[in-house]
Every structure is written in C-alpha cells, then in structure tokens.
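The residues making up each chain are set out below.
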Amino acid sequence: YDDLLEEINKGDLLKVYYKSNDNRTENVNIDLIQIEKDGLILYDKKEYARKESALIYLGLIGALLTYVIVYRYYRYGSVFGNNTAKRRR
C-alpha cells in the first residue's frame, strides 16, 4: 500500500468501497474493494479479486497437501518414507 500512501494526502476526499464484516470481534479486518480519488481509481476491484483468488488457490493447495500427508501416514505409517513394517493390508 505504499503507492496509496503517496497518492492520498490529509484532507483528500475519497470514495471507499468495502465489504463489511459482521463479526463484531474483528472490526479492523475489512475487505477493501476499491478506492477512488477525484474520479480516478487508486485501488481497483480487479486487484481485490486477484488477491481473493490467490487465497482460494492457496487454501485448495493446503487442503490437498494435508490429504496427501494423512493418506501417506495412514497407508505407509510414515509421511516421507515407505515404512513397510507398519504397512496395513
């Protein structure tokens, strides 16, 4: 957000679009979608969408990796090695 700090000055009139959070305990975490200053877009909603997509993909990769680890541990008794002594048949 360094570029936003350079673009926005004290007293500027901004239009901010965000998705509110209904969780009362997390009032700091809002999803900033778009910022406009004098009709110019400083932070685009497309950038917001890219960040959301990246988080979804990271979550899917993490879930798949967890599944593989659990499967290997259950099947081979070890995550990284092929421990045939504990192999279940």
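Anything mentioned here points back to the structure above.
Residues numbered from 1 in each chain as written. Predicted model: local features only at pLDDT ≥ 70, side-chain atom pairs only at ≥ 80, totals over all residues. Heavy atoms only, no water.

Caption draft 1: Molecular detail of the overall build of the protein chain. Scanning the protein chain from N- to C-terminus turns up two helices and three strands. The helix and strand sequence of the protein chain, counted from the amino end, reads α-β-β-β-α. Looking at the protein chain as a whole, 12% of its 89 residues are labelled buried. The long-range fraction of contacts in the protein chain, counting pairs at least 24 apart against all pairs at least 6 apart in sequence, stands at 21%. Total accessible area on the protein chain stands at roughly 8000 Å², and carbon and sulfur atoms take up 56% of it. (Helix = DSSP H or I, 4+ residues; strand = E, 2+ residues; numbered from the N terminus. Buried < 20%, exposed > 50% of the residue type's maximum accessible area, 1.4 Å probe, protein only. Contact = heavy atoms within 4.5 Å. Areas by Shrake-Rupley, 256 points an atom, 1.4 Å probe, with all protein chains shown as cover.)

Caption draft 2: A look at the sheet that holds strand 1 (residues 14-19). Strands sit in the order 1-2-3 across an open sheet of three strands; the sheet is antiparallel. In this open sheet, the two strands that pair with only one neighbour each are strand 1 and strand 3 (40-43). On average, each strand axis in the sheet is inclined to that of its neighbour by 25°, with strand direction left out of account. Summarising the sheet, strand 2 (residues 31-37) and strand 3 pair through three bridges and their orientation is antiparallel. Pairing of Lys-37 across the sheet is with Leu-40, part of strand 3. (Pairing = 2+ DSSP bridges. Axes fitted to C-alpha atoms, helices over the stretch in contact; angles between N-to-C directions.)

Caption draft 3: Inspection of the environment of Gly-81 at higher detail. Here Gly-81 shows up in the segment after helix 2 (45-76). For Gly-81, the residues in contact, after removing those within four places along its chain, are Arg-72 and Tyr-76.

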